[in-house]
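Next come the chains, spelled out residue by residue.
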Amino acid sequence: MSLAAEVLAAAKARGVMIATAESCTGGMVAAALTDIPGSSAVVERGFVTYTNAAKTEMLGVRPETLAAHGAVSEEVAREMAEGALVYSHATLAVAITGIAGPGGSEFKPEGRVCFGLAQAGAQTNVETVEFGAPGRDKVRSAARDHALGLLLRALG
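What comes next concerns the included structure. (Residues numbered from 1 in each chain as written. Predicted model: local features only at pLDDT ≥ 70, side-chain atom pairs only at ≥ 80, totals over all residues. Heavy atoms only, no water.)

Let's talk about the pairing of strand β5 (residues 125–130)
Formally: DSSP calls a pair of strands paired once it identifies at least 2 bridges connecting them. Numbered from the N terminus, helices here are DSSP runs of H or I no shorter than four residues, and strands are runs of E no shorter than two.
With six bridges connecting them, strand β4 (residues 112–119) and β5 associate as antiparallel partners. Residue pairing in the sheet places Val-113 in a bridge with Val-129 of β5. The turn linking β4 back onto β5 is made up of five residues, and Gly-121 within it adopts a positive phi angle of 75 degrees.

Thoughts on the nonpolar core
Cut-off, in case you're wondering: Residues grouped as a nonpolar core are buried Ala, Val, Leu, Ile, Met, Phe, Trp, Tyr and Cys residues, joined through side-chain atoms within 4.5 Å. Relative accessibility thresholds used throughout: buried, under 20% of the residue-type maximum; exposed, over 50%; partly exposed, between the two (1.4 Å probe, protein chains only).
By size, the foremost hydrophobic cluster in this structure holds 28 residues, and its most contacted members are Ile-18, Leu-33 and Leu-151. Ala-71, Val-76, Ala-81 and Ala-90 belong to the second largest nonpolar core, which has 16 residues in total.

Let's talk about the pattern of salt bridges
As a reminder of what qualifies: For this document, the term salt bridge refers to a Lys or Arg side-chain nitrogen within 4 Å of an Asp or Glu carboxyl oxygen.
All told, the structure shown has five salt bridges when counted by the stated rule. Where Glu-44 meets Arg-45, a salt bridge forms, and the shortest distance between an N and an O atom there is 2.5 Å. Judged by relative accessible area, Arg-45 falls into the partly exposed class, the value being 30%. Its salt-bridge partner being Arg-144, residue Asp-145 comes within 2.9 Å of it at the nearest N-O pair. Judged by its relative accessible area of 21%, Arg-144 falls in the partly exposed class.

Some points on the environment of Ala-10
Condition: Residue contacts are counted whenever heavy atoms from the two residues lie within 4.5 Å of one another.
By the element assignment, Ala-10 lies in helix α1 (residues 3–14). Classification of Ala-10 as buried rests on a relative accessible area of 12%. As for Ala-10 and Leu-151, which are separated by 141 residues in sequence, their C-alpha atoms are 9.4 Å apart. When near neighbours in sequence (up to four residues on either side) are disregarded, Ala-10 contacts Leu-152 and Leu-155.

Re the sheet that holds β4
Operational definition: A fitted line through C-alpha atoms serves as each axis, taken over the contacting stretch for helices, and the angle formed by two N-to-C directions is quoted from 0 to 180°.
Reading across from one edge, β2-β1-β3-β4-β5 is the order of the five strands in this open sheet, with mixed pairing throughout. Strands with a single pairing partner mark the edges of an open sheet, and in this sheet they are β2 (43–48) and β5. Shown here is a sheet whose adjacent strand axes are inclined to one another by a mean of 15 degrees, direction ignored. For strand β1 (residues 18–22) and β2, the ladder comprises five bridges, and the chain directions are parallel. Each residue of the ladder has a partner; that of Thr-20, found in β2, is Gly-46. The strands touched by helix α6 (residues 136–155) are β1, β3 (92–98), β4 and β5; relative to β4, the strand with the most contacts, the crossing angle is about 25 degrees.

As for the environment of Val-72
Counting through the fold element by element, Val-72 comes out in the loop between α4 (63–69) and α5 (74–86). In this structure Val-72 comes out as buried when scored by relative accessible area, which is 12%. When the C-alpha atoms of Val-72 and Phe-131 are compared, they prove to be 14 Å apart, with 59 residues separating the residues in sequence. Setting aside chain neighbours within four positions, we find Val-72 in contact with Thr-97, Gly-98, Ile-99, Lys-108, Arg-112 and Cys-114.

Concerning the side chain of Thr-124
Our working definition: For the purposes of these results, a polar contact is taken to be a pair of N or O atoms within 3.5 Å, where, inside protein, one atom must be able to donate a hydrogen and its partner to accept one; residues adjacent in sequence count only when each atom of the pair is a side-chain atom.
Note on placement: Thr-124 falls in the loop between β4 and β5. Judged by its relative accessible area of 7%, Thr-124 falls in the buried class. Within the structure, Thr-124 has its side chain in polar contact with the side chain of Glu-82 (distance 2.7 Å). Discounting chain neighbours no more than four positions away, the residues touching Thr-124 are Arg-78, Glu-82, Leu-117 and Ala-118.

That's the geometry; what it means functionally is another story.
Written out as structure tokens, the structure reads:
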């Protein structure tokens, strides 16, 4: 069983609806989940918020947070995940914002991805993973799989 299928089975068993808020993955988490028949019982919606304006307009990320920390930050990942809950009917949301590459900077290198996981009635968890610079496709795939793993652990 694929990781996405495991997430769907666990969420369905617990009556949990999921929302995704994605930047650098461009909807890959939502696509992995919705590739599986029956996913509509679990996937409430997905937000692809690639620009800062989209993060602000669709998820309520505060411009002050973006200005102070930049889009690739745990602070923004937190607000993205929490916003996905606010602007959906889901009870569990995962957010991803990062630098898939090529490029990056000394302060925010290629392969840095920040994740947020928000659940109704629980504290939001955030973390940063440094995937290195294996190339854009590999960073995006690794970020997708990491987000699915976060969802699965939250449902465990």
